[in-house]
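Letter by letter, the chains look like this.
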Amino acid sequence: MPCVETKEQKRERFKSNDDGEMVVIPAKAIYTNDPLVDRKLHVAAYCRVSTPDEAQTSSFEIQRNYYEKYIRDQGNWIYAGIYADEGISGTNRKKRDQFNLMINDCVEGKIDLIITKSVSRFSRNVVDCLSVVRQLGNLTPRVGVFFQTENINTFKKDNETFLTILAAFSQEESRAKSESMLWSYERRYNNQNFMTPTDSLLGYDKVDGQMVIEPEGAKTVRLIYAMYLAGYKISYIARVLESLKRPTGKNNYTWRYASVRGILLNE
């Protein structure tokens, strides 16, 4: 963020010496986020994409590259890293490992300021968003969060009301999208238009949008269930399949405990 020079400082910088010559005294850095005067900020960035598809992955890399360059280009900032969760929803922070690591690093004093693209990238849960912001604000020294899109800096306390409103909108948007997707899935299944990927699904193919049994793979699936119902252990079933050279869904001949168990648990 840009530095701001007060009128008093500007007058102080331009003084005359005993010979009447103008002497320019270098300006001190005053941060627009206010509290950390006369020391550099350790700045980190947080970015997230909610789906792991190719387009989102590209966006993910663009974000990481942008923030690293952006932070390093600021003369009064010290680069404190990029924290990034890929293919993770923002409605719950439990599975966002990088987000939680970032908060822990803030607690340990490694970060003074977090930059993130928007409120929705930071969190789509109102309670999580506000509790984290308040937790960071109560640390000594305080840690701020700057939301670029909304131009909200949590170092400024009067921004909390605005942040609460935006976080609520973000959460509601996420809920509406979820309901819309569930409705779409229900309509597809009612129309027998299955979305289940069959590229590596043993025993099934997809023809004209319909799931159809693939005879050779189906033999393997039936054998797995028959042996399991007969009381054989999963590890033994895997060894039998390898000895019979039955191909897996990925068309290789290596069967592991997890592979067989996954088929038995696949509804």
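So, how was this worked out
- Residues numbered from 1 in each chain as written.
- Predicted model: local features only at pLDDT ≥ 70, side-chain atom pairs only at ≥ 80, totals over all residues.
- Heavy atoms only, no water.
- Axes fitted to C-alpha atoms, helices over the stretch in contact; angles between N-to-C directions.
- Helix = DSSP H or I, 4+ residues; strand = E, 2+ residues; numbered from the N terminus.
- Parallel < 35°, antiparallel > 145°, perpendicular 65-115°, else oblique.
- Contact = heavy atoms within 4.5 Å.
- Nonpolar A, V, L, I, M, F, W, Y, C, P; charged D, E, K, R; others polar.
- Pairing = 2+ DSSP bridges.
- Salt bridge = Lys/Arg side-chain N within 4 Å of Asp/Glu carboxyl O.
- Buried < 20%, exposed > 50% of the residue type's maximum accessible area, 1.4 Å probe, protein only.
- Phe/Tyr/Trp six-rings, centres within 6.5 Å; stacked < 30°, edge-to-face > 60°.
- Lys NZ or Arg CZ within 6 Å of the ring centre and 35° of its normal.
- Expected span 1.5 Å × (residues − 1).
- Polar contact = N/O pair within 3.5 Å; in protein donor to acceptor, adjacent residues only side chain to side chain.
- Left-handed = near helix turned anticlockwise from the far one by under 90°.
- Patch = residues over 30% accessible without salt bridge, like charges linked within 9 Å, V, L, I, M, F, W, Y side chains within 5 Å.
- Areas by Shrake-Rupley, 256 points an atom, 1.4 Å probe, with all protein chains shown as cover.

Draft legend 1. Quick peek at the packing of helix α8 (residues 234-243) against helix α9 (residues 257-265). One way to put it is that α8 packs onto α9 with a least axis distance of 8 Å and a crossing angle of 105°. Of the possible angle classes, the one that applies to α8 and α9 is roughly perpendicular. Every residue of α9 that contacts α8 at I234, S235, I237, A238 and L241 is listed here: Y257, V260, R261 and L264. Broken down by class, the residue content of the contact of α8 with α9 amounts to 7 nonpolar, 1 polar and 1 charged.

Draft legend 2. Spatial organisation of the sheet that holds strand β6 (residues 144-147). Read across the open sheet, the 5 strands follow the order β4-β3-β5-β6-β7; overall the sheet is mixed. Whereas interior strands pair on both sides, the edge strands pair on one side only; in this sheet they are β4 (77-86) and β7 (152-153). In this structure, strand β3 (residues 41-49) lies alongside β4, joined through 8 bridges in parallel fashion. In the sheet register, V49 faces β4, and the bridge partner there is E86. Sitting on the sheet, helix α3 (residues 97-107) is in contact with β3, β4 and β5 (113-116), with an inclination near 150° to β4.

Draft legend 3. Up close: the pattern of salt bridges. Using the criterion set out here, one finds 6 salt bridges in the structure. When the shortest N-O distance is used, the salt bridge between K69 and D73 registers 2.8 Å. K110 is paired through a salt bridge with E108; the nearest N and O atoms lie 3.3 Å apart. Assessed through its relative accessible area of 44%, K110 is described here as partly exposed.

Draft legend 4. Quick look at α3. Every buried residue of α3 is accounted for by F99, N100, M102, I103, D105 and C106. In the segment just after α3, G109 is the residue with positive phi, at about 85°.

Draft legend 5. Examining the packing of aromatic side chains more closely. Here the structure, examined in full by the defined rule, presents 8 aromatic pairs. Here the aromatic rings of Y70 and W77 are separated by 5.8 Å at their centres, their planes lie at 70°, and the arrangement is edge-to-face. Overall, Y70 belongs to the partly exposed group, its relative accessible area being 25%. Taking relative accessible area as the criterion, W77 reaches 8% and is therefore assigned buried. Here R72 stacks its cationic end above the ring of Y79, 3.9 Å away from the centre of that ring. Just above the ring of F99 sits the side chain of R96; from NZ or CZ to the centre is 4.2 Å.

Draft legend 6. A look at helix α7 (residues 215-229). For α7, which comprises 15 residues, the first-to-last C-alpha distance of 21 Å matches the rise-based estimate of 21 Å (1.5 Å per residue) to within 8%. Within the span of α7, buried status applies to G217, A218, T220, V221, I224 and M227. Next to the buried residues of α7 lie β9 (210-213), α8 and α9. Put simply, E214 is the residue that caps the front of α7, since its side-chain oxygen is 3.0 Å from the backbone nitrogen of E216. A positive phi of about 100° marks G231, the residue just after α7.

Draft legend 7. Up close: the packing of α7 against α8. Interaxial distance between α7 and α8 falls to 10 Å at its minimum, and their mutual angle equals 145°. With respect to the hand of their crossing, α7 and α8 are arranged in right-handed fashion. From α7, T220, L223, I224, M227 and Y228 reach across to α8, where they touch I234, Y236, I237, V240 and L241. For the contact of α7 with α8, a count of residues per class yields 9 nonpolar, 1 polar and no charged.

Draft legend 8. Main features of a nonpolar patch on the surface. Side chains of Y225, Y228 and L229 sit close together on the surface and give an oily, nonpolar patch of about 340 Å² of accessible area. Take Y228: it is sitting in helix α7. On the accessibility criterion, Y228 (42% relative accessible area) is partly exposed.

Read these as geometric descriptors, not functional statements.
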